[in-house]
Number of protein chains: 2
Amino acid sequence: MANNQKVQEITNMDKDFAQWYTDVVLKTEMADYSPVRGFMVIRPYGYAIWENIQKAYDKRFKDTGHKNIYFPLLIPESLLEKEAEHVEGFAPEVAWVTHGGHEKLEERLCIRPTSETIMCSMYSKWLRSWRELPYLYNQWNNVVRWEKSTRPFLRTSEFLWQEGHTLHETAEEAQAETLQMLGIYREIAEEFLAIPMVVGRKSDKEKFAGAAATYTMEALMHDGKALQSGTSHNLGQHFTKAFDITFTGRTGEIENPYHTSWGVSTRLIGGLIMVHGDNNGLVVPPKIAPTQIVIIPIAQHKEGVLDKAYDLKKELEKNFRVEIDDSDEYSPGWKFNQWEMKGVPIRLEIGPRDIKNNQVVLARRDKNEKVSVSLDTINEDIEKLLEDIQSSLFEKAKKMRDEKTYVAKNMDELENIIKNTPGFVKSMWCGDAECEQKIKEQTGATIRCIPFEQEDLGTEECVCCSGKSEKMVYLARAY
Amino acid sequence: MANNQKVQEITNMDKDFAQWYTDVVLKTEMADYSPVRGFMVIRPYGYAIWENIQKAYDKRFKDTGHKNIYFPLLIPESLLEKEAEHVEGFAPEVAWVTHGGHEKLEERLCIRPTSETIMCSMYSKWLRSWRELPYLYNQWNNVVRWEKSTRPFLRTSEFLWQEGHTLHETAEEAQAETLQMLGIYREIAEEFLAIPMVVGRKSDKEKFAGAAATYTMEALMHDGKALQSGTSHNLGQHFTKAFDITFTGRTGEIENPYHTSWGVSTRLIGGLIMVHGDNNGLVVPPKIAPTQIVIIPIAQHKEGVLDKAYDLKKELEKNFRVEIDDSDEYSPGWKFNQWEMKGVPIRLEIGPRDIKNNQVVLARRDKNEKVSVSLDTINEDIEKLLEDIQSSLFEKAKKMRDEKTYVAKNMDELENIIKNTPGFVKSMWCGDAECEQKIKEQTGATIRCIPFEQEDLGTEECVCCSGKSEKMVYLARAY
């Protein structure tokens with residue numbers, strides 16, 4: 001943390017949520033704008049959160065048999081064009097490399113917007129027999145999609161993500177994989193990021209370019225807008241046929257495998273900010289926090305205070321991620337505000353009186369509560385407190401979401417909710433793309449998903465055309 | 001591992017070292033050629049080695065106070081041009097992005113060949129006071145340098161690496177950082193990759209474009225050619241002045257900080273292959289091996305064999321990285337060859353007779369030795385064996401290097417050695433760039449470094465011009 005700055009002012013989130021978000025991102029030094037329009041710099045505090053997210057997901061990917069791999073950054077134009085829907089979806093937003101050094105290239109290369117095409121071109125070279133299946137591969141990398149309007153973490157022309165790409169012998173296995181990975185996305189998002197998710201299938205209009213079906217997890221932000229937070233695609237045989245990927249099956253027949261792809265990105269950090277943050281800044285769930293405890297010595301010039309604080313840091317570091325703020329430029333109060341803004345889950349205060357009483361003060365970031373705990377039981381007490389903060393954040397986020405989830409039975413109700421009390425809206429939908437389009441045009445809301453957990457809304461009439469509907473959907477305006 | 005292939009033939013390394021290298025890379029499935037000329041796919045086995053290398057370095061970087069960060073992939077042409085030597089060095093080998101989607105960009109953007117320029121542009125925005133220094137940042141990413149002639153891992157148009165970029169208050173601190181990082185590079189290369197390194201300074205001709213001084217670690221490959229394996233640059237104030245990075249110093253003066261950068265890349269994997277590999281394929285040092293032990297059941301159709309093998313896997317997995325090859329398509333002998341080719345340090349054989357005798361057979365990859373060990377002491381025995389393999393590989397590589405290290409006192413000797421018994425050549429050099437150029441033209445060898453450990457070669461005459469020389473250098477042909 002820069003020591004030469006004053007505690008920064010953060011815009012009130014209820015007054016201007018967009019500005020509040022920008023303030024939090026910039027002033028906590030999670031990210032910054034770069035000299036390249038639409039590209040951001042992820043600063044150490046933001047990157048450390050990303051590393052913790054990566055670690056959590058990567059472990060689960062490996063637990064479930066996936067291996068990491070790395071494919072080239074650049075994709076020849078002719079490869080991108082092989083799957084018709086895919087190129088139509090992505091061509092308008094790719095960056096093109098036309099020159100290498102001083103020479104013009106014979107064929108343009110695009111910077112990967114996603115890697116289905118380049119990976120399929122290799123899979124078709126490698127795969128021979130059913131015995132080699134499934135292919136369970138993943139890569140952590142950067143992708144570029146040329147965006148007109150960008151915001152740090154939420155939508156940037158370059159972002160970091162992982163993209164899993166698997167091949168399977170049967171359609172059933174591919175479908176099981178697609179849902180398994182969505183399940184893992186949700187598990188880590190809820191358990192580590194403390195963000196409750198609605199999971200379901202995307203409408204055809206909203207699915208990935210080239211997918212048979214796209215599944216998604218959707219979160220609700222503090223301002224009532226939805227954030228698509230991770231998607232898992234059943235690609236069927238769209239790409240494996242276009243790329244002529246074949247294998248000799250169990251009966252000796254030549255077959256095309258079934259294919260999935262799935263991704264989560266640095267966008268999750270944007271979700272983290274907008275779900276848990278408050279008017280004092282960021283609130284980071286303990287399991288993902290780069291710093292779980294910040295020690296702030298009180299009256300640190302007094303004899304023994306700093307020594308005791310350093311001893312404590314050494315002790316706590318065995319179990320927790322700990323920092324100490326021993327700068328002598330600022331008052332404890334100033335430091336309190338700074339670290340609160342950074343969203344560190346626990347502030348530990350230790351001063352002469354605490355030392356005398358063999359205790360410290362623990363202040364939790366998520367609630368306005370302080371407790372004194374004995375140095376004898378400090379490890380257990382902190383562990384319990386971190387667990388409580390983690391689960392409280394999830395419950396609080398769930399409560400917020402539930403309070404902002406509504407039911408609309410017709411367009412008037414829908415329009416009114418989206419306009420006046422934005423949030424998730426549960427409605428019936430007939431399945432017609434025209435209704436979907438009309439809803440979007442009239443309200444700005446889109447179908448976030450057809451949730452796995454269908455509910456009885458007391459009507460079977462489409463919110464838009466009143467036609468017979470069997471599916472309930474979640475609607476919202478979205479990032 | 002693909003089960004439908006025969007054990008692959010690998011070209012004899014003494015007959016055709018280049019073909020041997022390609023065979024090892026492709027047939028062990030470490031990497032493959034991609035549809036984009038000069039770009040490779042790093043397959044799971046190669047990538048798992050990279051992950052282990054990353055983990056080892058990343059830990060040391062963090063131990064020494066560095067934080068990870070992420071800067072944009074693309075750099076505006078105007079930024080690349082700010083440091084004169086730098087742009088001259090890199091412009092001929094960068095890839096240019098000219099279009100975003102369907103629109104032509106106002107300014108060309110290059111894909112980062114290295115990130116000094118984009119990072120300095122942000123450092124100049126961020127830095128204010130001496131109190132914020134040092135900046136100790138690192139990023140793990142991909143870079144692109146348009147290469148005409150490429151080989152997997154050794155020289156590819158895209159490669160994965162880390163690039164550290166630090167700022168310091170004083171020249172002394174920057175120099176200490178430059179050397180500290182070179183020391184860490186060497187430490188991990190020697191302790192984990194078991195590759196002995198010569199460390200020293202690059203000549204002005206060979207230094208990084210824009211550096212005040214470049215330091216390097218150089219390894220000797222099996223064919224007597226050198227591999228530059230990691231470099232650490234003291235950049236002085238070259239970039240900080242060009243980018244107008246300033247801070248208010250302790251006395252209130254406005255100053256330019258001192259700057260370093262340092263990198264190691266996936267090239268290290270090429271070194272690993274060419275230092276330890278043999279005619280049976282790869283040999284991977286235990287500390288870096290994705291699989292340390294492969295269990296091969298003998299007569300696996302007999303009752304109890306597979307069960308015992310699975311139990312053993314479960315037991316050993318607590319301490320080691322273990323795989324089991326239980327495929328029923330191939331004979332144990334065929335499996336032995338396959339895993340030998342993959343370079344797995346220990347093969348563990350277990351059959352009915354072993355089970356009866358409460359033992360297993362351990363075969364080490366690096367030497368042609370098998371031992372039977374009791375199941376009662378198997379964890380300790382394997383741990384000792386892995387340690388012995390690790391240190392034996394280092395000693396063997398060191399012996400190989402020392403045997404291929406020569407002294408040349410004049411051009412005839414030098415030419416003769418490089419031509420007939422290639423290796424490192426220690427010679428005196430007057431320091432003149434003309435001599436350096438002449439050596440290169442006449443012998444193909446370059447000055448690898450001016451080593452920190454200077455030796456008395458019994459002469460003070462330059463190997464080229466016989467002029468007075470105070471510096472001993474290492475010469476070699478290099479990758």
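Refer to the structure above for everything that follows.
Small disclaimer: the values here were computed from a predicted structure and weren't measured. (Residues numbered from 1 in each chain as written. Chains lettered and ligands numbered in written order. Predicted model: local features only at pLDDT ≥ 70, side-chain atom pairs only at ≥ 80, totals over all residues. Heavy atoms only, no water.)

As for the interface of chain B and chain A
Moving on, step 1. Contact residues are listed per partner, giving 62 residues for chain B and 61 residues for chain A.
Moving on, step 2. In total, about 5,000 Å² of surface goes out of reach between chain B and chain A, with carbon and sulfur atoms giving 62% of it.
Moving on, step 3. Ranking the residues of chain B by area buried against chain A places Pro44, Tyr70 and Arg131 of chain B at the top, with a combined share of 12%.
Moving on, step 4. If you look at where chain B meets chain A, you find eight salt bridges.
Moving on, step 5. Taking the shortest distance from any N to any O, the salt bridge between Arg131 of chain A and Glu329 of chain B comes out at 3.1 Å.
Moving on, step 6. Counting residues per element, the side of chain B that touches chain A draws most heavily on strand 5 (residues 95–100) of chain B, at six residues. (Contact = heavy atoms within 4.5 Å. Buried area = accessible area lost by both parts, 1.4 Å probe. Salt bridge = Lys/Arg side-chain N within 4 Å of Asp/Glu carboxyl O. Helix = DSSP H or I, 4+ residues; strand = E, 2+ residues; numbered from the N terminus.)

Side note on the pattern of salt bridges
Moving on, step 1. Tallying each qualifying case throughout the model produces 60 salt bridges over all chains.
Moving on, step 2. Linking Asp58 of chain A and Lys62 of chain A is a salt bridge whose minimum nitrogen-to-oxygen distance equals 2.8 Å. On the criterion of helical spacing, the pair formed by Asp58 of chain A and Lys62 of chain A is a turn pair, its members being four residues apart in helix 2 (residues 44–63).
Moving on, step 3. In this structure Lys62 of chain A comes out as partly exposed when scored by relative accessible area, which is 38%.
Moving on, step 4. Glu218 of chain B serves as the salt-bridge partner of Lys202 of chain B, at 2.8 Å between the closest nitrogen and oxygen. (Buried < 20%, exposed > 50% of the residue type's maximum accessible area, 1.4 Å probe, protein only.)

Remarks on unusual backbone geometry
If a residue is not glycine, its phi is most likely negative; likewise, a peptide bond is most likely trans.
Moving on, step 1. Here the residue pair Leu133 of chain A and Pro134 of chain A is connected by a cis peptide bond, since its omega of -5° sits within 30 degrees of zero.
Moving on, step 2. By the element assignment, Pro134 of chain A lies in the loop between helix 5 (116–126) and strand 7 (135–144).
Moving on, step 3. Even without being a glycine, Asp244 of chain A presents a positive backbone phi close to 55°.
Moving on, step 4. Topologically, Asp244 of chain A is positioned in the loop between helix 7 (238–242) and strand 12 (247–248).
Moving on, step 5. In the Ramachandran plot, Glu29 of chain B falls in the positive-phi region, its phi being about 60° despite a non-glycine side chain.

What about the side chain of Asn141 of chain B?
All names here are of chain B.
Moving on, step 1. With respect to the helices and strands, Asn141 occurs in strand 7 (residues 135–144).
Moving on, step 2. A distance of 2.8 Å separates polar atoms of two side chains, one belonging to Asn141 and the other to Trp161.
Moving on, step 3. Only 3.0 Å separates the side chain of Asn141 from the side chain of Glu163, close enough to count as a polar contact.
Moving on, step 4. In contact with Asn141, not counting residues within four places along its chain, are Tyr70, Arg112, Ser115, Phe159, Leu160, Trp161 and Glu163. (Polar contact = N/O pair within 3.5 Å; in protein donor to acceptor, adjacent residues only side chain to side chain.)

Some thoughts on the sheet that holds strand 11 (residues 226–236) of chain A
All names here are of chain A.
Moving on, step 1. Read from one edge of the open sheet, eleven strands run 3-7-8-14-11-10-9-22-23-21-20, paired in mixed fashion. Edge positions in the sheet fall to strand 3 (67–68) and strand 20 (405–407), since each of these pairs with one other strand and no more.
Moving on, step 2. As paired strands, strand 8 (residues 158–168) and strand 14 (residues 258–265) are joined by eight bridges and run antiparallel to one another. Counterpart to Glu163 in the pairing with strand 14 is Gly263. (Pairing = 2+ DSSP bridges.)

Quick notes on the pairing of strand 22 (residues 446–451) of chain A
All names here are of chain A.
Moving on, step 1. Of all six residues in strand 22, six are buried, a share of seventy percent or more.
Moving on, step 2. Pairing of strand 9 (residues 198–201) with strand 22, which is carried by two bridges, proceeds in the antiparallel orientation. When the bridges of strand 22 are listed, Arg201 appears paired with Ile450.
Moving on, step 3. Two strands pair when backbone bridges link them, and strand 22 and strand 23 (residues 471–476) are joined in this way by three bridges, in the antiparallel orientation. Note that in strand 23 the partner of Ile447 across the bridge is Leu475.

Notes on the nonpolar core
Moving on, step 1. Core analysis: the biggest nonpolar cluster contains 82 residues, and Ile111 of chain A together with Ile111 of chain B have the highest contact counts within it.
Moving on, step 2. Other than its neighbours up to four places away in sequence, Ile111 of chain B contacts Leu73, Leu74, Val97 and Ile111 of chain A together with Leu73, Leu74, Val94, Ala95, Val97 and Val144 of chain B. (Core = buried A, V, L, I, M, F, W, Y, C linked by side-chain atoms within 4.5 Å.)

Some points on the sheet that holds strand 17 (residues 346–350) of chain A
All names here are of chain A.
Moving on, step 1. As summarised here, the arrangement of the five strands in space is 16-15-17-18-19, forming an open sheet in which the pairing is mixed. Whereas interior strands pair on both sides, the edge strands pair on one side only; in this sheet they are strand 16 (322–324) and strand 19 (369–374). Neighbouring strand axes in the sheet, compared pairwise and without regard to direction, differ in orientation by 25° on average.
Moving on, step 2. Relative to strand 19, strand 18 (residues 359–364) runs antiparallel, the two being bridged by six bridges. When the bridges of strand 19 are listed, Ala363 appears paired with Lys370.
Moving on, step 3. Across the face of the sheet, helix 9 (residues 305–316) comes into contact with strand 15 (293–297), strand 16, strand 17 and strand 18 while running at roughly 170° to strand 15.
Moving on, step 4. Here helix 12 (residues 378–403) sits on the sheet and contacts strand 15, strand 17, strand 18 and strand 19; the angle it forms with strand 18, its principal contact strand, is near 5°. (Axes fitted to C-alpha atoms, helices over the stretch in contact; angles between N-to-C directions.)

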